[in-house]
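A closer look at the structure
Below, each chain spelled out in residue letters.
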Amino acid sequence: MRTASISLTTYNREVYEPSDDTFLLVDALLKASSQWPKRPYLCIEIGCGSGFASCALALILCQLGLPHHLIALDISKDAVTATRATLKAHGVISADVVQDRFQDFLSRTEQQYDIVVFNPPYVPTPDEELQRTDIARSWAGGWKGRIVIDQFLSYVPKILAQEGQLFLVVVSENDPPGILKALEELDSSLSGQVLMTRRADEELLSVLHIQRR
Ligand SMILES: C[S@@+](CC[C@H](N)C(=O)[O-])C[C@H]1O[C@@H](n2cnc3c(N)ncnc32)[C@H](O)[C@@H]1O
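Not measured: the values here are computed from a predicted model. (Residues numbered from 1 in each chain as written. Predicted model: local features only at pLDDT ≥ 70, side-chain atom pairs only at ≥ 80, totals over all residues. Heavy atoms only, no water.)

**Digging into the overall build of the chain**
Helix and strand content of the chain: seven helices and seven strands. From first element to last, N terminus to C terminus, the chain shows the α and β order α-β-α-β-α-β-α-β-α-α-β-α-β-β. A compact globule built from 213 residues should have a C-alpha radius of gyration of about 17 Å, and the chain, at 16 Å, falls within 12% of that. With the C-alpha coordinates aligned to their principal axes, the bounding extent of the chain is approximately 40 × 40 × 35 Å. Put simply, the chain has 213 residues, and 53% of those count as buried. Considering only intrachain contacts with a sequence separation of at least 6, the fraction spanning at least 24 residues in the chain is 74%. (Helix = DSSP H or I, 4+ residues; strand = E, 2+ residues; numbered from the N terminus. Rg over C-alpha atoms; globule rule 2.2 N^0.38 Å. Buried < 20%, exposed > 50% of the residue type's maximum accessible area, 1.4 Å probe, protein only. Contact = heavy atoms within 4.5 Å.)

Structure follows, in structure tokens:
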């Protein structure tokens, strides 16, 4: 299966460089895609950065012959510019790229998505780091790395379609079992599991796969 290529991906000092977490996310999408039913998909990637994962998702869906539309969203203007360039370089035309905070975008919409992808700022940092407006927004996650993640979790019951699937990148410090429990407490129809885990230097990365029962 062809996914995104680094040589066709745009990133710079202001845009998160595709890294081990990005590649794990794409591997998890590839793994799950073998079970995806044949129907159209409405997808969103929150925090698209360079656009590498968005591009990979669109290419996987294309190769499976699944009609889809993708929204690639990021708070950063530089990330949005990079994602547009990355999608164009790969010939992906099924995506709209939007600059917005997910908190604002998801509050405004009533749309539900079949595939939701988020590699969030998950690194435990002092909470003050969350005020930064530079590349630190890519990783600064505040206490236990959970501040942005927990904000996002509160939108999941609203945005995940009945047969929708959420792919969320986390590290061990985020307490993955606690995230799955929090989601179940928010909406008892949500249920998740660890789809893939990989060690990358000091990080124990996982991709959580959440669906409705
Ligand atoms: C860890 S990076 C992931 C980038 C890319 N998806 C990847 O996997 O390589 C997190 C991304 O989330 C974006 N981001 C952080 N806070 C956000 C928010 N509140 N709303 C939308 N995007 C946000 C950052 O700008 C950054 O591009």
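Now that the structure has been shown, the text picks up again.
**Quick notes on the UniProt feature "domain: Methyltransferase" (unreviewed entry) in the chain**
When the UniProt feature table is mapped onto this chain numbering, "domain: Methyltransferase" (unreviewed entry) sits at residues 44-131. Taken end to end, residues 44-131 has its terminal C-alpha atoms 25 Å apart, with 36% of it in helix and 24% in strand. (UniProt positions renumbered as here; feature names shortened; annotations may be inferred.)

**A few points about the state of the cysteines**
A full pass over the atoms with the stated rule returns zero disulfides. Counting only cysteine sulfurs, Cys-62 is the nearest neighbor of Cys-43, a cysteine outside any disulfide, at a range of 10 Å. Residue classification places Cys-43 among the buried residues on the basis of a relative accessible area of 0%. With no disulfide of its own, Cys-48 has Cys-55 as its nearest cysteine by sulfur position, at a separation of 11 Å. The buried category is assigned to Cys-48, whose relative accessible area is 4%. (Disulfide = S-S within 2.5 Å.)

**Considering the sheet that holds strand β7 (residues 203-212)**
With respect to topology, seven strands assemble into an open sheet ordered β3-β2-β1-β4-β5-β7-β6, the strand pairing being mixed. Each having just a single partner strand, β3 (95-99) and β6 (190-200) make up the two edges of the open sheet. Ignoring strand direction, the axes of neighbouring strands in this sheet form an average angle of 15°. Along the sheet face, helix α2 (residues 52-63) touches β1 (41-46), β2 (68-74) and β4 (113-118) and points at about 175° away from the line of β2. (Pairing = 2+ DSSP bridges. Axes fitted to C-alpha atoms, helices over the stretch in contact; angles between N-to-C directions.)

**Re the packing of aromatic side chains**
Taken as a whole and assessed by the stated rule, the structure comprises seven aromatic pairs. An angle of 85° between the planes, with centres 5.9 Å apart, marks the rings of Phe-102 and Phe-152 as edge-to-face. Taken together, the residues span a long stretch of sequence, with Phe-102 in helix α4 (residues 102-108) and Phe-152 in helix α5 (residues 147-153) at a distance of 50 residues. The pair Phe-102 / Phe-152 is uniform in exposure class, with both members buried. Geometrically, the ring pair formed by Phe-118 and Phe-152 is edge-to-face, given 5.0 Å between the ring centres and 70° between the ring planes. Of this pair, Phe-118 sits in strand β4 while Phe-152 sits in helix α5, and the two are 34 residues apart along the sequence. The same class applies to Phe-118 as to Phe-152, namely buried. An aromatic cluster of at least three residues, connected via ring pairs, comprises Phe-102, Phe-118, Phe-152 and Tyr-155. A cation over a ring is seen here: Arg-39 above Tyr-41, with NZ or CZ 4.7 Å from the ring centre. (Phe/Tyr/Trp six-rings, centres within 6.5 Å; stacked < 30°, edge-to-face > 60°. Lys NZ or Arg CZ within 6 Å of the ring centre and 35° of its normal.)

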